[in-house]
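Structural description and commentary
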Amino acid sequence: MEVKNSQITKDQITTLTAGIVSTAVIEDKWDGKVYWLKAKIAADPQDVIKSIDSLRKDRDKVKELEVLRKKSEEL
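Residues numbered from 1 in each chain as written. Predicted model: local features only at pLDDT ≥ 70, side-chain atom pairs only at ≥ 80, totals over all residues. Heavy atoms only, no water.

**Focus: the pattern of salt bridges**
Rules: A side-chain nitrogen of Lys or Arg and a carboxyl oxygen of Asp or Glu constitute a salt bridge if their distance falls within 4 Å. Working definition: with a 1.4 Å probe on protein chains only, accessible area under 20% of the residue-type maximum means buried, over 50% means exposed, and in between means partly exposed.
Tallied over the entire structure, the rule returns 2 salt bridges. Residues lysine 29 and glutamate 27 are paired through a salt bridge, measuring 3.8 Å at the closest nitrogen-oxygen approach. Residue classification places glutamate 27 among the partly exposed positions, given a relative accessible area of 34%.

Printed below as a string of structure tokens:
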């Protein structure tokens with residue numbers, strides 16, 4: 001993970017918070033052409049801060065999570 005000017009990228013934040021953000025599908029629709037999804041996403045800001053700080057210190061774990069996120073996106 002590369003930090004520039006004490007900041008990390010949006011993709012890195014997504015990777016680091018994947019395990020601590022809860023997501024619930026509220027409603028979805030499929031008409032054969034268009035898929036529509038309404039979801040609720042929640043996170044405790046303090047938990048996010050703690051997890052990001054902890055994972056930033058463990059670069060190997062961050063790299064592993066980034067690989068898993070990319071594989072997930074490909075699927």
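**Re the pairing of strand E1 (residues 22-30)**
Moving residue by residue along a regular strand, the side chains alternate between the two faces of the sheet. The line we're drawing: Only when DSSP finds a minimum of two bridges between them are two strands counted as paired. Only DSSP runs of H or I reaching four residues or more are called helices, and only runs of E reaching two or more are called strands; each is numbered from the N terminus.
Where E1 lies against strand E2 (residues 35-42), 8 bridges are found, and the strand directions are antiparallel. Residue pairing in the sheet places alanine 24 in a bridge with lysine 40 of E2.

**Some points on the side chain of arginine 69**
Worth spelling out the cut-off: Polar contact criterion, stated in full: a pair of N or O atoms within 3.5 Å, where within protein one must be able to donate a hydrogen and the other to accept it, and residues adjacent in sequence count only if both atoms are side-chain atoms.
Following the sequence through the fold, arginine 69 ends up in helix H3 (residues 59-74). Looking at arginine 69, its side chain comes within polar contact range of the side chain of glutamate 73, at 2.8 Å.

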